[in-house]
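Architecture and fold: a report
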Amino acid sequence: GNTIMAGRNSNSSSSTNNKFFNGLEFYNMLRNLEGCTQVDISNIAVRYNSFCHGFQVTYRSTFRDGSIREYLGPACFFSSGYYSYHSGPWRQSQLDLSLDDNGEYICGIRINQGEILDGITFVTSNGREVHFGGHGGTYRPDSMMLSSEASPMKIIALTGVVNGVIGRVGFYAISRNWEVIGHYLLLKKLLDDGRASINMNICTSNNVEKNTTTTIATTSTEVDEKEKRKSSTILTMLMSIEKEDVFRYVLTFLIHK
């Protein structure tokens, strides 16, 4: 429903001999696995010389039980015809995304486009720009960038047209809003239905010794407990908002933080 596709058909050749590749089907297969809560791009392998020969995406899936698994997507590499050898043999490198608490993701691509795709630059949410391929053709820096102001989007799959090598490239992207606030909405629904409650009990440590090592450890524990208590208080206040419109308005601050 909130998936968009950009770029693939832009100025594409009308030749009936062109092939297509599409990574969305594999992404959807992963997303529909039992217990899966989120699917992220972990890395993208790119094959290229002075032109782009294709991509292979590795995904990282998170499940309800806390487990994390990685899945290697289909190899969408194409090397035939004049452009496959004109500038020398191809080589392969990859873009690795940092899937820490910040959750780096791809928020756009910049392309060097001629008759085929000369080069591609992936732009990430951390401000990184990683280029693969050549710099020929027309440089298009902004035509395939996603705006992050109103509704942050992330690229989830690549698609494109093949003409010996990659002729045109495009992508599918989804809104990140649900990833950010989805669990708050679900918790609010469970609380309203009486199917969940917030436990405010925080375990405290009574084991205070006189030596310095134990004192430092206890102090660290106390700080952690204060942070937990603070988080629980904020969560309780958020979930106690009765008016739905006010509750959703507060959540917008989480989306645009």
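Whatever comes next refers back to the structure up there.
Residues numbered from 1 in each chain as written. Predicted model: local features only at pLDDT ≥ 70, side-chain atom pairs only at ≥ 80, totals over all residues. Heavy atoms only, no water.

Thoughts on empty space enclosed by the protein
Per the counting criterion, the structure on display carries 2 cavities of 30 Å³ or more. Looking at the lining of the largest cavity, the elements that each hand over two or more residues are strand S4 (52-63) and strand S12 (153-163). When residues in the lining of the largest cavity are grouped by element, the largest group, 4 residues, is from S4. The class makeup of the residues in the lining of the largest cavity is 9 nonpolar, 3 polar and no charged. Here the second largest cavity defines a volume of roughly 60 Å³. Along the walls of the second largest cavity sit Tyr27, Val39, Asp40, Ile41, Tyr59, Leu97, Tyr105, Ile106, Lys154, Ile155 and Ile156, which together make up its complete lining. Only strand S3 (36-48) and S12 provide two or more residues apiece to the lining of the second largest cavity. Per-class residue counts for the lining of the second largest cavity are 9 nonpolar, no polar and 2 charged. (1 Å grid on protein atoms, 1.4 Å probe; cavity = no way out; pocket = protein on both sides within 12 Å on 5 of 7 lines; lining within 4 Å. Points joined across faces, edges and corners; volume = space filled by probe spheres on them. Helix = DSSP H or I, 4+ residues; strand = E, 2+ residues; numbered from the N terminus. Nonpolar A, V, L, I, M, F, W, Y, C, P; charged D, E, K, R; others polar.)

Overview of the pattern of salt bridges
What the rule picks out here adds up to 4 salt bridges. Across the salt bridge formed by Lys154 and Asp40, the nearest N and O atoms sit 2.5 Å from each other. Placement of the pair is Lys154 in strand S12 and Asp40 in strand S3, with a sequence separation of 114 residues. For the pair formed by Lys154 and Asp40, the shared burial category is buried. (Salt bridge = Lys/Arg side-chain N within 4 Å of Asp/Glu carboxyl O. Buried < 20%, exposed > 50% of the residue type's maximum accessible area, 1.4 Å probe, protein only.)

Description of the environment of Arg128
Within the secondary structure layout, Arg128 lies in the loop between strand S9 (117-124) and strand S10 (129-133). In this structure Arg128 comes out as partly exposed when scored by relative accessible area, which is 32%. Sequence spacing of Arg128 and Glu104 is 24 residues, and the spatial spacing of their C-alpha atoms is 9.6 Å. Filtering out sequence-adjacent residues up to four positions away, Arg128 remains in contact with Leu95, Asp96, Leu97, Glu104, Phe122 and Val123. In this structure the side chain of Arg128 is engaged in a polar contact, spanning 2.7 Å, whose partner is the backbone oxygen of Asp96. (Contact = heavy atoms within 4.5 Å. Polar contact = N/O pair within 3.5 Å; in protein donor to acceptor, adjacent residues only side chain to side chain.)

Regarding the nonpolar core
Formed by 41 residues in total, the largest nonpolar core has its most connected members in Ile44, Phe55, Tyr59, Ile109, Ile120 and Phe122. For this core, the secondary structure elements donating two or more residues are helix H1 (24-31), S3, S4, strand S8 (106-113), S9, S12 and strand S13 (165-175). Apart from residues lying up to four places away in sequence, Ile44 is in contact with Phe55, Gln56, Val57, Ser93, Gln94, Leu95, Ile106, Phe122 and Leu158. (Core = buried A, V, L, I, M, F, W, Y, C linked by side-chain atoms within 4.5 Å.)

Some details on the sheet that holds strand S11 (residues 138-140)
One open sheet holds the 4 strands; their spatial order is S10-S9-S8-S11, and the pairing between them is antiparallel. The open sheet is flanked by S10 and S11, the only strands paired with a single partner. Neighbour to neighbour, the strand axes of the sheet diverge by 15° on average, direction disregarded. By the bridge criterion, 3 bridges tie S8 to S11 in an arrangement that is antiparallel. Bridge assignment links Asn112 to a residue of S11, and that residue is Tyr139. (Pairing = 2+ DSSP bridges. Axes fitted to C-alpha atoms, helices over the stretch in contact; angles between N-to-C directions.)

What to know about the environment of Asn32
Tracing the backbone shows Asn32 in the loop between H1 and S3. Using a relative accessible area of 64% as the deciding quantity, one classes Asn32 as exposed. At 3.0 Å, the side chain of Asn32 forms a polar contact with the backbone oxygen of Asn28.

Comments concerning the packing of aromatic side chains
Here the structure, examined in full by the defined rule, presents 10 aromatic pairs. A centroid spacing of 6.0 Å and a plane angle of 40° characterise the contact between Phe26 and Tyr59, whose relative ring orientation is tilted. With Phe26 in helix H1 and Tyr59 in strand S4, this residue pair connects regions lying 33 residues apart in the sequence. Looking at Phe26, the relative accessible area reads 18%, which means it is buried. Geometrically, the ring pair formed by Phe51 and Tyr83 is edge-to-face, given 4.9 Å between the ring centres and 70° between the ring planes. Residue Phe51 is found in the loop between S3 and S4, and its partner Tyr83 is found in helix H2 (residues 82-85); the two are separated by 32 residues along the sequence. Per residue, the accessibility class of Phe51 equals that of Tyr83, and both read buried. Clustering of aromatic rings is evident, with ring pairs tying together Phe21, Tyr48, Phe55, Phe78, Phe122 and Phe132. Here Arg47 stacks its cationic end above the ring of Phe77, 3.9 Å away from the centre of that ring. (Phe/Tyr/Trp six-rings, centres within 6.5 Å; stacked < 30°, edge-to-face > 60°. Lys NZ or Arg CZ within 6 Å of the ring centre and 35° of its normal.)

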